[in-house]
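# Chains, contacts and geometry: an overview
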Amino acid sequence: MRSTLLLKFLTLSGLVSILFSAPSCTSDNIDDKYGPGSACDTAAVTFSQDIKTIIGQNCEMCHNGNSASGGLNLAGHENIQNSALSGALMDRVERPMSDPLSMPPAGPLSDCDQKKLMAWINQGAPNN
Ligand code: HEC
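Now for a description of the structure that goes with this document. Along every chain, residues carry numbers that run from 1 in the direction the sequence is written. Thresholds applied to this predicted model are a pLDDT of at least 70 for local features of residues and 80 or more for the giving and counting of side-chain atom pairs; totals over whole chains, interfaces and linings are not thresholded and use all residues.

### Brief notes about the overall build of the chain
Think of it this way: any DSSP run of H or I at least four residues long counts as a helix, any run of E at least two long counts as a strand, and we number them from the N terminus. The secondary structure content of the chain amounts to five helices and zero strands. In the chain, the order of α-helices and β-strands from amino to carboxyl end is α-α-α-α-α. Residue burial is a threshold on neighbouring C-beta atoms within 10 Å of the residue's own C-beta, all placed from the backbone, with 20 or more meaning buried, 12 or fewer meaning exposed, and counts in between meaning partly exposed. Every one of the 128 residues in the chain was classed for burial, and the buried ones make up 16%. Within the chain, contacts between residues separated by at least 24 positions form 55% of all contacts whose residues are at least 6 apart in sequence. We call two residues in contact when their backbone-placed C-beta atoms lie within 7 Å.

Here you go:
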């Protein structure tokens, strides 16, 4: 009798600790990704602070001056701006993973990165 009670207590405390540790773990990840306290800040998006990095880390290895996959070079502001303002860039980025034309091929950009790209393009894709 005593041992069943102890077992129940241990099971319960195990469950409780799982319940309490899971949400804190998730919010830690969001902090890592977007910086502490901010969800996804698209208000202050700039080419130099945001867009350059997003394209540099996700696109430029295949789209640069030496290796322009699909004939597209995404190195530097002017090239990125041309593709952005023509609509081609977001067309590929917004396609679902199941679409063979979706970019980047290995998986979609995060929601936040897509929102930042849209916000920047809506401003006319400036070199700011
Ligand atoms: C692993 C390599 C790779 C990465 C990374 C990659 N692409 Fe591509 N991309 C390609 C290839 C190959 C093509 C040509 C085949 C096709 O059209 O799908 C292409 C084609 C394109 C085209 C069409 C070209 C045109 O002028 O019609 C656009 C736009 C594009 N990519 C944008 C992007 C963007 C934006 C990213 C980053 C978010 C990206 N790509 C990341 C390989 C890549």
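### A look at the packing of helix α2 (residues 47-58) against helix α5 (residues 111-122)
To get an axis, fit a line to the C-alpha atoms, keeping to the stretch in contact for a helix; angles then go from 0 to 180 degrees between the N-to-C directions. Their axes nearest at 10 Å, the elements α2 and α5 cross at an angle of 125 degrees. On the basis of the axis angle, α2 is oblique to α5. Like other packed secondary-structure pairs, α2 and α5 cross with a definite hand, here left-handed. Counted together, F47, D50, I51 and I54 of α2 and D113, K116, L117 and W120 of α5 form the full contact between these two elements. When its residues are assigned to classes, the contact of α2 with α5 shows five nonpolar, no polar and three charged. Convention used here: angles under 35 degrees read as roughly parallel, angles over 145 as roughly antiparallel, angles from 65 to 115 as roughly perpendicular, and any remaining angle as oblique. We call a crossing left-handed when the near helix sits turned anticlockwise from the far one by less than a right angle, and right-handed when that turn is clockwise. Each residue is assigned to one class: nonpolar for Ala, Val, Leu, Ile, Met, Phe, Trp, Tyr, Cys and Pro, charged for Asp, Glu, Lys and Arg, and polar for all the others, Gly among them.

### A short note on the site of the ligand
Residues are counted as near a molecule or strand when the C-beta atom, derived from backbone positions, lies within 6 Å of that molecule or strand. Taken together, 19 residues lie near the ligand, and C59, C62, S69, G70 and M103 sit nearest. Residue contributions to the shell around the ligand peak at four residues, all from helix α4 (residues 88-93). Across the shell around the ligand, the residue classes tally to 12 nonpolar, six polar and one charged.

### A look at α5
Three or four residues apart is the spacing at which side chains of an α-helix point the same way, because the helix has 3.6 residues per turn. If you check α5, its first and last C-alpha atoms are 16 Å apart, about what 12 residues at 1.5 Å a residue would give, namely 16 Å. Turning to α5, its buried residues are D113, K116, L117 and W120. Looking straight down α5, one finds its buried side chains confined to an arc of 100 degrees; they lie on one side. Structural note: α5 exposes D111 and N122 on the side pointing more than 90 degrees away from its buried face. On its buried face, α5 is in contact with α2 and α4. One or two residues past the end of α5 sits G124, with phi positive at roughly 95 degrees. Expected span, for any helix, means 1.5 Å times one less than how many residues it has. What the arc covers is the set of directions going from the helix axis to the C-beta atoms.

### Quick notes on unusual backbone geometry
Look at the link from M103 to P104: it is a cis peptide, with omega at -5 degrees. Position of P104 among the secondary structure elements: in the loop between α4 and α5. Within the chain, A125 stands out as a residue other than glycine whose phi angle is a positive 55 degrees. The buried category is assigned to A125, around which 20 C-beta atoms lie within 10 Å.

### Overview of the nonpolar core
In globular proteins that are soluble, nonpolar side chains generally tend to be buried together. As used throughout, a nonpolar core is a set of buried Ala, Val, Leu, Ile, Met, Phe, Trp, Tyr and Cys residues joined through C-beta atoms within 7 Å of each other. Grouped together as the largest cluster of nonpolar side chains are 15 residues, with contacts concentrated most on I51, I54, I55, I80, V93, L117 and W120. When contributions to this core are tallied by element, the ones reaching two or more residues are α2, α3 (77-86), α4 and α5. Broken down by element, this core gets its largest block of residues, three residues, from α2. Setting aside chain neighbours within four positions, we find I51 in contact with I80, K116, L117 and W120.

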